[in-house]
Amino acid sequence: MAAFPEVEKIRFEGPGSKNPLAFRYYDAAEVVEGKPMEEQLRFSMAYWHTFRGAGSDPFGPGTMIRPWEAPQDSVENAIRRARVAFEFMEKLGVPFYCFHDRDVAPEGATLAETNRNLDAVVKVLKEEQQRTGIRLLWGTANLFSNPRFVHGAATSCNADSFAYACAQVKKALEVTKELGGVNYVFWGGREGYQNLWNTDMKREIDHLARFMHMAVDYAREIGFTGQFLFEPKPKEPTKHQYDFDSATCINFLRAYGLEKHVKLNIETNHATLAGHTVEHELEVAGSQGFLGSIDANTGDLLLGWDTDQFPTDIYLTTRIMHAVLKYGGLAPGGLNFDAKVRRESFEPIDLFHAHVGGMDAFARGLKIAAAIRADGKIASLLSERYASWDGGVGAEIEAGKHDFKSLETYMLQKGDAAPNVSGRQELIENIINLYL
Ligand code: XLS
Ligand code: NI
Ligand code: NI
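Residues numbered from 1 in each chain as written. Chains lettered and ligands numbered in written order. Predicted model: local features only at pLDDT ≥ 70, side-chain atom pairs only at ≥ 80, totals over all residues. Heavy atoms only, no water.

Undergrad: Talk me through the sheet that holds strand 7 (residues 135-140); I want residue IDs and the actual numbers.
TA: Strand pairing in a sheet relies on backbone hydrogen bonds, with the paired strands running either antiparallel or parallel. Sheet architecture is closed into a barrel: 8 strands sit in the order 5-6-7-8-10-12-13-14, paired in parallel fashion. Shown here is a sheet whose adjacent strand axes are inclined to one another by a mean of 30°, direction ignored. As judged from the 4 bridges shared by strand 12 (residues 262-267) and strand 13 (residues 291-295), these two strands associate in the parallel manner. Within the sheet, the bridge partner assigned to Asn265 lies in strand 13 and is Ser293. Strand contacts of helix 12 (residues 349-375): strand 5 (43-46) and strand 14 (335-337), with the helix running at about 155° to strand 14, the strand carrying the most contacts. (Pairing = 2+ DSSP bridges. Helix = DSSP H or I, 4+ residues; strand = E, 2+ residues; numbered from the N terminus. Axes fitted to C-alpha atoms, helices over the stretch in contact; angles between N-to-C directions. Contact = heavy atoms within 4.5 Å.)

Okay, here's the thing in structure tokens:
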């Protein structure tokens, strides 16, 4: 029986449509900068928010009405939920989804039983993938909910918690491979600390690197060829997360020899929590060759925690897509809606409204970013700003033809630096507004 009988497949109806369950801008087949939108955007649904999010917050329990859920979770319930998830994704028209191991199947009394539960549901996920053609963008392991990970997983003070995490990721990698997952994500969960007095930071970070190396080695052993991704987040749940932001993660990967194996999965709201913009994080990653994938959501600046709302701000999606186009696209990564409907939006249909709005916002952002790039005004302002490096002493410095002594001679002769030119920030902002 269908869970959403009142919803037909969501279609592109164009900007004039008044139908709330239609796309106004997302036309999967429309070509933008040489690729169909579907390939540029690579949308993915996050299983944990959309199918496991109950709507609880620190002040009250869940509010979501989900008629397909039984009061008690079980493998049977998880299988029913998986079928509903695929009905939802198929009607929505997203090509990908992502999950944590514990989102899709319940934990058992022992690791062996938990693995059996997972296998039973993965069988159904595989069937549904084959039926619909929907693919797994990435798999990951939940190494933060169970109290055994109270002190972290890969950075726990308890060696057994570390060992359990390794066993769990081993299985998650096998499952991701089985389902043809194109990436595998490490998000720190509780990998960080609350109090330095009881923390051996160096040892914990060394352990995190050991853990990632073991994952990379095991992936090679079983022939999993997906891209590994590390997801920066500065706080929550711990006060000091070891994966603070793009720069911190890149430094960690390089320091421990993981840079060839792992790229970054950048999340909008995590960037904000780190005091950055998402485009800053994308630029840090992209310019250093670490841009892997995006967790698309947004926070609420007045609330200040990881509210994971659906992105609807066109200016935001434009900036994100501008960065994506600049770095030649996201594949094998994608745009994963790591986003949830708010506690007050508790009816099943709200899941459609949220995703349709997010997809349309990104489609518009993509088209606007492509138009800005095609126009070229901002690009030429940017290159004019650096013109002094294109010839003369600038070009010589970049070519390695100078040292401190020769530059002193140059400046002593010249007397003073050439005058600066305006940065034209307001002009640039005005140009962007012409396209919004
Ligand atoms: C939490 C993270 C999480 C990861 C997957 O804040 O965003 O959802 O994306 O573990
Ligand atoms: Ni995320
Ligand atoms: Ni997050």
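Undergrad: Summarise the site of ligand 1; cite the residues concerned and give the values.
TA: Taken together, the neighbourhood of ligand 1 is formed by Trp48, His100, Trp138, Trp187, Glu231, Lys233, Glu267, His270, Asp295, Asp306 and Asp338. A distance of 2.7 Å separates an oxygen atom of ligand 1 from a polar side-chain atom of Glu231. Between an oxygen atom of ligand 1 and a side-chain N or O atom of Glu267, the distance comes to 2.7 Å. In isolation ligand 1 exposes 290 Å². Once the protein is present, 94% of that is buried. Residues that form the shell around ligand 1 fall into these classes: 3 nonpolar, 2 polar and 6 charged. (Near = heavy atom within 4 Å. Polar contact = N/O pair within 3.5 Å; in protein donor to acceptor, adjacent residues only side chain to side chain. Areas by Shrake-Rupley, 256 points an atom, 1.4 Å probe, with all protein chains shown as cover. Nonpolar A, V, L, I, M, F, W, Y, C, P; charged D, E, K, R; others polar.)

Undergrad: So, the coordination of the nickel ion (ligand 2): which residues are in play, and what are the values?
TA: Each pair of donors in an ideal four-coordinate tetrahedral metal site encloses 109.5 degrees, whereas pairs in an ideal six-coordinate octahedral site enclose 90 or 180 degrees. Those protein atoms acting as donors to the nickel ion (ligand 2) are Glu231 (OE), Glu267 (OE), Asp295 (OD) and Asp338 (OD), and they sit at 1.9 to 2.1 Å. Coordination geometry of the nickel ion (ligand 2): the 6 donor atoms subtend angles of 81 to 174° at the metal centre, consistent with an arrangement described as octahedral. Counting gaps between the donor residues of the nickel ion (ligand 2) yields the pattern E-x35-E-x27-D-x42-D. Between the two metals, the nickel ion (ligand 2) and the nickel ion (ligand 3), the spacing is 3.9 Å, and Glu267 donates to both. Placement of the pair is Asp295 in strand 13 and Asp338 in the loop between strand 14 and helix 12, with a sequence separation of 43 residues. (Donors = N, O, S within 2.8 Å, 3.2 Å for Na, K, Ca; no water. Tetrahedral: all angles 85-135°; square planar, octahedral: opposite > 155°, others 65-115°.)

Undergrad: Describe the coordination of the nickel ion (ligand 3), listing the residues and the values that go with them.
TA: All of the protein donors around the nickel ion (ligand 3) are Glu267 (OE), His270 (NE2) and Asp306 (OD); their distances to the metal are 2.1 to 2.6 Å. Linear spacing of the donor residues for the nickel ion (ligand 3) on their chain is E-x2-H-x35-D. Take His270: its relative accessible area is 4%, and that puts it in the buried class. Residue Asp306 is classed as buried on the basis of its relative accessible area, which comes to 8%. (Buried < 20%, exposed > 50% of the residue type's maximum accessible area, 1.4 Å probe, protein only.)

Undergrad: Lay out the environment of Phe88 in plain terms, naming residues and giving numbers.
TA: For Phe88, the position within the fold is in helix 3 (residues 75-92). Distance in space between the C-alpha atoms of Phe88 and Gln288 is 37 Å, their sequence separation being 200 residues. When sequence neighbours within four positions are dropped, the list of residues in contact with Phe88 reads Phe4, Met45, Thr50, Phe51, Leu351, Phe352 and His355.

Undergrad: Run through the state of the cysteines, naming residues and quoting values.
TA: Scanning the entire structure with this criterion turns up 0 disulfides. Free cysteine: Cys166, not disulfide-bonded; nearest cysteine sulfur from Cys157 at 15 Å. Of all cysteine sulfurs, the one in Cys98 lies closest to Cys249, which takes part in no disulfide; the gap is 18 Å. By relative accessible area, which is 0% here, Cys249 ends up buried. (Disulfide = S-S within 2.5 Å.)

Undergrad: So what about the pattern of salt bridges? Which residues, and what values?
TA: All told, the structure shown has 22 salt bridges when counted by the stated rule. Between Arg81 and Glu69 there is a salt bridge whose closest N-O contact spans 2.7 Å. Of the two residues, Arg81 sits in helix 3 while Glu69 sits in the loop between helix 2 (47-52) and helix 3, which places them 12 residues apart along the sequence. Overall, Arg81 belongs to the buried group, its relative accessible area being 0%. The residue Lys170 makes a salt bridge to Glu174 at a minimum N-O spacing of 2.7 Å. (Salt bridge = Lys/Arg side-chain N within 4 Å of Asp/Glu carboxyl O.)

Undergrad: Summarise the pairing of strand 10 (residues 227-231); cite the residues concerned and give the values.
TA: Most of strand 10 sits out of view: 4 of its 5 residues are buried. In this sheet, strand 10 lies alongside strand 8 (residues 183-187) in parallel orientation, the contact comprising 5 bridges. When the sheet's bridge partners are listed, Phe186 is paired in strand 10 with Phe230. Across 3 bridges, the pairing between strand 10 and strand 12 is parallel.

Functional significance is not addressed by these values, which are geometric in nature.
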